[in-house]
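Understanding the architecture of this molecule
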Amino acid sequence: MKMPVESCHVGEYNILEHTDLGEGWFRIDIDAPEIARETRAGQFVQVRVGPGDDPLIRRPFSVYDVGPEPGENATEIRLLIQKAGPGTEALSRLRKGESIRLMGPLGHPMPVPDLKSPAAMFLVGGGIGVAPLYLYCRERLKEGSTLPLKVMLGARRESLLIGHQGFQDLGIETYLATDDGSAGHQGNVIELLDQQLGSLSEGTQVAGIGCGPHGMNLALRDIAVERDLEFWISLENYMPCGFGACFGCVIAGPSDGPLRYRRVCVEGPCFPAKELPETF
Amino acid sequence: MKRESVESASVELSVRVPSPGGDLMLSHPVLPASGTFGYGEEFEPFLPPGTFSAIVPKSISVESRPGNPPPRAIETPSGLLNSIGLQNPGLDLFVSDYLPRLQRYGVPILVNVVGKNIEDYCTVVEALEGQELIRGYELNVSCPNVKEGLRFGLDPEATAALISAVREKTSGVLMAKLTPNVTDIAEHAVAAQSAGADAISLINTVRAMSVDWRQGRSRIGTDTGGLSGPAIRPIALRMVWEACQAVDIPVCAIGGISSAEHILEFVSVGASMVQVGTHLYREPTCLPEILRELQELLAKEGICHLDELRGTFGGLSDRLPERSRPVP
Ligand SMILES: Cc1cc2nc3c(=O)[nH]c(=O)nc-3n(C[C@H](O)[C@H](O)[C@H](O)COP(=O)(O)OP(=O)(O)OC[C@H]3O[C@@H](n4cnc5c(N)ncnc54)[C@H](O)[C@@H]3O)c2cc1C
Ligand SMILES: Cc1cc2nc3c(=O)[nH]c(=O)nc-3n(C[C@H](O)[C@H](O)[C@H](O)COP(=O)(O)O)c2cc1C
Ligand code: FES
């Protein structure tokens, strides 16, 4: 039988850099060679917020990037975090030279579909959902993949479109959407995706990965199901353990057969959109 | 009574749990709490699951259960509120797919059993009797997230009837897991002992809720759930103390335990064993460190065996004249 988690490291690691990105976002670079080497895009780490009992449970964060480059030589992991409550608030105060308790890597890597040209591979990120997509791009570039990546990022306003420059620096086609039109398309990222899908030439093979707030994920699932697209959606359910022990992070599905709940942490966090229930 | 300290290696942590079929010997007092240890395999990346002195897997029922709708958990101050709803693969799949792996860990297995009625519990126990390393059962008569669990847990007579019926089916260790959601825990502990339980474990989660008033909704998928973690440790300590005064079978303490200090607090009020639950989610590798610390703390106080500490907490009421006893 396949193990829920094959390999996972738990330890105390040194913070190499803390970068304040404004708007409540920050990045922490951590010296964690054994985690960095094994991490693939889409996987996450569980972070202990402090030694005390409040906050109690570890907080999950996608690995945003590994350094100096993905693969065997990686020695550090980088997290992109948005302040959301007491846990992320406390993490925002950690500084270079301090230590942080991590557990990882956890979850499955994001899928890398095999598409026949002409093709388009959409990476759709809303808000903090951008985090795992950057490492995905870095990995594809490193392995010389020919997947035609199109990154689409959405936020309320330009200043909240954090991380988009990174994709542009990698030379990846990047489309932006803001609710107030301060950058890119005025509207949401789903509309942007809709436009792009409409402009593809006949016969283009389409796939995509989406990662964003709940509303965006629901809309993405609907589009994928309606148009029969090969999309995956990365979920951010509340995760008490992150390694399959508590059954606290579940979603229902797939819909055929008797009601079954699957653990997002060990079976996901990325799921084929078609396997997700209408509301999740 | 300060004693000379001893070598920590000479501190003996073993625990004996007598049952009609013979004594169950545990190498130390720390077990995982059911539902927080999955089916063992989830912990393999972190430590050999057999580092625990016995394994208590997640509750098993005759039929497979899908569990409750999400969201199933939310953090509260120093606590975790859950409504998992006893999701489990059911007896048949447990025996074919999960048990062989649990048996590889080489330590005794105490299967946590849950059911809708007495027959259900008996069916599970009968099917598991004689299986290698299954040395007993923890009867979950107390889950707050499903209706039938509470019915057994809240009525001492129903609990006693259940234990007597299961007692007929096994001579292995029968441990009754009690709910804290009762007024008089001692009454329930006594009922379990009289009906033939070899041990009791407590506490299961405390019935609790978390509400988003703006949306007028519960923050979990059910209106109420079960609270675990450090927030409930003082409640557990009080209840374990009360139960230990009422029975003379071994008591297994559960509730917010995460360190050797906590374990010794529970032993001092009378516990023989403990289970670590919610803490395993944040520190799945914690056990070796806890055991080392346990030996060191005892050694420092010159205590060579846990038995010497067990029940040493006397309480004020024994020592004060009646009129000056505090109002409980
Ligand atoms: C697999 C996974 C990957 C994630 N990756 C990132 C990431 O790369 N960067 C990042 O900033 N955040 C990420 N998150 C979300 C992050 O875990 C939460 O923002 C964090 O746990 C909030 O903790 P807190 O104590 O600050 O806030 P809390 O007070 O716990 O919560 C504040 C708000 O955030 C919501 N929340 C709490 N936990 C989660 C959660 N697990 N997922 C979504 N919302 C939550 C709460 O409902 C509440 O509205 C990820 C979550 C998951 C499950
Ligand atoms: C997510 C979760 C699932 C649980 N599932 C079960 C279960 O299936 N059966 C059971 O008897 N107890 C279950 N419990 C209760 C624990 O075994 C334990 O009694 C309780 O959590 C208190 O201990 P703790 O504070 O150390 O977690 C569960 C607890 C949690 C947090
Ligand atoms: S977070 Fe515990 S099973 Fe997924």
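Residues numbered from 1 in each chain as written. Chains lettered and ligands numbered in written order. Predicted model: local features only at pLDDT ≥ 70, side-chain atom pairs only at ≥ 80, totals over all residues. Heavy atoms only, no water.

All names here are of chain A. Of all the five residues making up strand β13 (residues 230-234), four are buried; the element is thus mostly covered by neighbouring parts of the structure. As judged from the four bridges shared by strand β12 (residues 205-211) and β13, these two strands associate in the parallel manner. Residue pairing across strands places alanine 207 opposite glutamate 230, the latter belonging to β13. On the question of chirality, the crossover connecting β12 to the parallel β13 by way of helix α6 (residues 214-226) is right-handed. Two elements, β13 and strand β16 (residues 270-272), share three bridges in a ladder whose sense is antiparallel. Opposite isoleucine 233, over in β16, you have phenylalanine 271 as the bridge partner. (Buried < 20%, exposed > 50% of the residue type's maximum accessible area, 1.4 Å probe, protein only. Helix = DSSP H or I, 4+ residues; strand = E, 2+ residues; numbered from the N terminus. Pairing = 2+ DSSP bridges. Right-handed = clockwise from strand over helix to strand, strands pointing away.)

For the rest of this paragraph, the subject is the site of ligand 2. Residue and element names in this part refer to chain B. In the region of ligand 2, 23 residues are neighbours, and Ser34, Ser59, Lys177, Gly256 and Thr278 sit closest. Contact distances for ligand 2 include 3.2 Å between an oxygen atom and a side-chain N or O atom of lysine 58. Glycine 277 is positioned with one of its backbone polar atoms (N or O) 3.1 Å from an oxygen atom of ligand 2. Burial of ligand 2 by the surrounding chains reaches 98%, relative to a free accessible area of 610 Å². Residues that form the shell around ligand 2 fall into these classes: seven nonpolar, 14 polar and two charged. (Near = heavy atom within 4 Å. Polar contact = N/O pair within 3.5 Å; in protein donor to acceptor, adjacent residues only side chain to side chain. Areas by Shrake-Rupley, 256 points an atom, 1.4 Å probe, with all protein chains shown as cover. Nonpolar A, V, L, I, M, F, W, Y, C, P; charged D, E, K, R; others polar.)

Residues and elements named next belong to chain B. Burial analysis of helix α7 (residues 260-268) places seven of its nine residues in the buried class, the great majority of the element. Turning to α7, its buried residues are Ala260, His262, Ile263, Leu264, Phe266, Val267 and Ser268. Lining the buried residues of α7 we find β3 (30-32), α6 (233-246), β14 (251-254), β15 (273-276), α9 (287-300) and α10 (306-309). (Contact = heavy atoms within 4.5 Å.)

Within a sheet, neighbouring strands are paired by backbone hydrogen bonds and run either parallel or antiparallel to one another. Residue and element names in this part refer to chain A. Strand order in this open sheet of seven strands is β11-β10-β9-β8-β12-β13-β16, and the pairing throughout is mixed. Looking along the sheet, the strands with just one partner apiece sit at the ends: β11 (185-186) and β16. Note: strand β8 (residues 119-126) against strand β9 (residues 149-155), six bridges, orientation parallel. For leucine 123, the partnering residue across the bridge sits in β9 and is valine 151. Sitting on the sheet, helix α3 (residues 131-142) touches β8, β9 and β12, and the angle it makes with β8 is about 150 degrees. (Axes fitted to C-alpha atoms, helices over the stretch in contact; angles between N-to-C directions.)

Further remarks concern the domain arrangement of chain A. Residues and elements named next belong to chain A. According to the domain assignment, chain A contains domain 1 (5-106) and domain 2 (119-234). With centres defined by C-alpha atoms, the gap from domain 1 to domain 2 works out at 24 Å. On the side of domain 2, 15 residues touch domain 1, which itself brings 22 residues to the contact. Summed over both sides, the interface between domain 1 and domain 2 buries roughly 1700 Å², with carbon and sulfur atoms accounting for 64% of that surface. Counting the surface domain 1 buries against domain 2, the share from its top three residues, Trp25, Tyr64 and Pro70, is 37%. Our count for the contact surface shared by domain 1 and domain 2 stands at two salt bridges. Arginine 138 is paired through a salt bridge with aspartate 65; the nearest N and O atoms lie 3.0 Å apart. Where domain 1 packs against domain 2, one counts eight residue pairs in polar contact (both at pLDDT 80 or more). (Domains from an automatic or database assignment. Buried area = accessible area lost by both parts, 1.4 Å probe. Salt bridge = Lys/Arg side-chain N within 4 Å of Asp/Glu carboxyl O.)

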